[in-house]
Amino acid sequence: MSVNDKDTQDGPAEQVANRTEDGKRGPVKVIMLGESSVGKTCLVKRLLTRSFVDNTDVTYGAAYAPYTFRVGEEDVKMGIWDTAGSERFRSFISTYFRQAKAAVVCYSLDDLATFEKVRYWIEIVRQHEESCAMYICGTKADLVTTRNPAVVTSEMVESIALELTAAGIYETSSKTGKNVELLFQMIGEDFIKRAKQTDYVKDETESIQLTENGAAPTPDEKTEVKQKCC
Ligand code: GDP
Ligand code: MG
């Protein structure tokens with residue numbers, strides 16, 4: 001799907017509420033970010049096809065992929081936006097940040113320069129969508145061996161994750177499948193936790209509406225509050 005397509009910002013059937021029309025949790029809008037060639041497209045393809053699809057096509061603008069899975073008792077509907085990391089797409093990538101619930105900020109474990117851009121990606125998302133949860137993802141873990149150690153150490157990642165209050169740190173490989181499903185599963189679980197908190201707060205505020213002097217309203221006053229609202 002090209003960036004110029006109409007109605008692309010949130011994916012089909014995107015809603016602000018925490019449930020879709022068919023009762024599933026979500027939609028959870030997830031954006032894949034990071035420098036070109038870190039393996040974003042392969043990561044999404046691995047998740048969807050459970051195999052390594054060697055992706056030779058460059059992503060233009062952004063591509064949308066729906067993904068539904070189960071977390072505990074609930075079905076979670078995710079809309080994954082795989083974006084292009086190259087400079088020429090930077091100016092309009094930010095249009096995809098709106099209402100994103102999570103960002104998977106990728107760097108390649110064997111490429112320090114891509115890790116040095118993690119801060120840039122996190123900060124730019126936060127400028128547009130402050131509450132978006134950030135997951136830092138070191139890709140191509142299969143390239144890391146004892147003879148060929150990662151150029152990005154876990155201390156470096158933990159330090160930036162702490163500083164920028166990331167929601168999680170993962171090391172994945174689209175070649176072997178390492179941690180790929182786990183990453184998206186955790187994003188789904190975190191989303192449900194937050195959504196349940198929102199439901200809880202909503203229920204609480206609906207059941208206890210305080211009057212102007214701070215006391216719980218009498219049944220008559222409740223009617224009055226309702227009338228004032230509507
Ligand atoms: P994107 O530009 O971030 O979307 O990167 P791509 O997904 O297109 O991948 C860029 C290159 O990295 C391709 O040549 C892939 O074959 C390679 N690649 C992607 N993921 C992995 C991985 O997990 N392991 C290895 N060894 N190579 C990978
Ligand atoms: Mg790509």
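What you see is a predicted model, and the numbers here were worked out from it, not measured in a lab.

K.L.:
Help me get a handle on the packing of aromatic side chains, residues and values and all.
P.N.:
Overall, the coordinates contain five aromatic pairs when judged by the stated rule. Taken together, a centroid distance of 5.0 Å and an interplanar angle of 55° make the contact between Tyr64 and Trp81 tilted. Pair noted here: Tyr64 is in strand β2 (residues 62-71) and Trp81 is in strand β3 (residues 74-83), with a separation of 17 residues, a long-range link. Its relative accessible area of 1% is what places Trp81 among the buried residues. Note on Trp81 and Tyr96: the rings are 5.0 Å apart at their centroids and 50° apart in plane angle, and the pair reads as tilted. In this pair, Trp81 is assigned in strand β3 and Tyr96 in the loop between α2 (90-93) and β4 (102-108), connecting sequence segments 15 residues apart.

K.L.:
Any chance you could break down the site of ligand 1 for me, citing the residues and the numbers?
P.N.:
Lining the immediate surroundings of ligand 1 are 17 residues, of which Ser37, Lys40, Asp54, Asp142 and Ser174 lie closest. Measuring from a nitrogen atom of ligand 1, one finds a side-chain N or O atom of Asp142 at 2.7 Å. Summarising the interface, the protein chains cover 83% of the accessible area of ligand 1, which totals 580 Å² for the free molecule. When its residues are assigned to classes, the shell around ligand 1 shows four nonpolar, seven polar and six charged.

K.L.:
Now, about the pairing of strand β6 (residues 168-171): what can you tell me, with residues and values included?
P.N.:
The side-chain alternation of β6 yields one buried face, formed by Gly168 and Tyr170, and one unburied face, formed by Ile169 and Glu171. Viewed along the sheet, the connection from strand β5 (residues 133-139) through helix α5 (residues 154-163) into β6 turns out right-handed.

K.L.:
Quick one: what's the story with the sheet that holds β2, residue by residue and with numbers?
P.N.:
The sheet built from six strands is open, its strands ordered β2-β3-β1-β4-β5-β6 with mixed pairing. Every other strand in the sheet has two partners, leaving β2 and β6 as the edge strands with one partner each. The average angle at which neighbouring strand axes cross in this sheet is 25°, direction not considered. In this sheet, β3 lies alongside strand β1 (residues 25-34) in parallel orientation, the contact comprising six bridges. In the strand pairing of β3, Val28 is matched with Met78. Where helix α1 (residues 40-49) meets the sheet, it contacts β1, β2, β3, β4 and β5, and its direction lies at approximately 150° from that of β3.

The rules we used
Counting restarts for each chain, with residues numbered from 1 along the sequence as it is written. The order in which chains are written sets their letters, starting at A; the order in which ligands are written sets their numbers, starting at 1. Local features in this predicted model are restricted to residues whose pLDDT is 70 or higher, and side-chain atom pairs enter the listing and the counts only when it is 80 or higher, whereas totals over whole chains, interfaces and linings include all residues. Hydrogens are left out, water is left out, and the side-chain values use all remaining heavy atoms of the structure. Within 6.5 Å between ring centres, the rings of Phe, Tyr and Trp (the latter by its six-membered ring) count as paired, and their orientation is classed by plane angle as stacked under 30 degrees, edge-to-face over 60, tilted in between. Secondary structure follows DSSP: runs of H or I at least 4 residues long count as helices, runs of E at least 2 residues long count as strands, and numbering of each begins at the N terminus. Accessibility here uses a 1.4 Å probe with only protein chains present; expressed as a share of the type maximum, an area under 20% marks a residue as buried, one over 50% as exposed, and anything in between as partly exposed. A cutoff of 4 Å decides nearness: a residue is near a molecule or strand if any of its heavy atoms lies inside that distance of it. What qualifies as a polar contact is a pair of N or O atoms within 3.5 Å, subject to a donor-acceptor requirement within protein and to the restriction that residues adjacent in sequence count only when both atoms come from side chains. Note on areas: these come from Shrake-Rupley sampling with a 1.4 Å probe, and a residue is covered only by the protein chains present in the view. Residues are grouped as follows: nonpolar covers Ala, Val, Leu, Ile, Met, Phe, Trp, Tyr, Cys and Pro; charged covers Asp, Glu, Lys and Arg; every other residue, Gly included, is treated as polar. For crossovers, right-handed means that the path from the first strand over the helix to the second runs clockwise, given strands pointing away from the viewer. Between any two strands, at least two bridges found by DSSP are needed for them to pair. All axes are obtained by fitting lines to C-alpha atoms, using only the stretch in contact for helices, and the reported angles, taken between N-to-C directions, cover 0 to 180 degrees. In what follows, a contact means two residues having at least one pair of non-hydrogen atoms within 4.5 Å.

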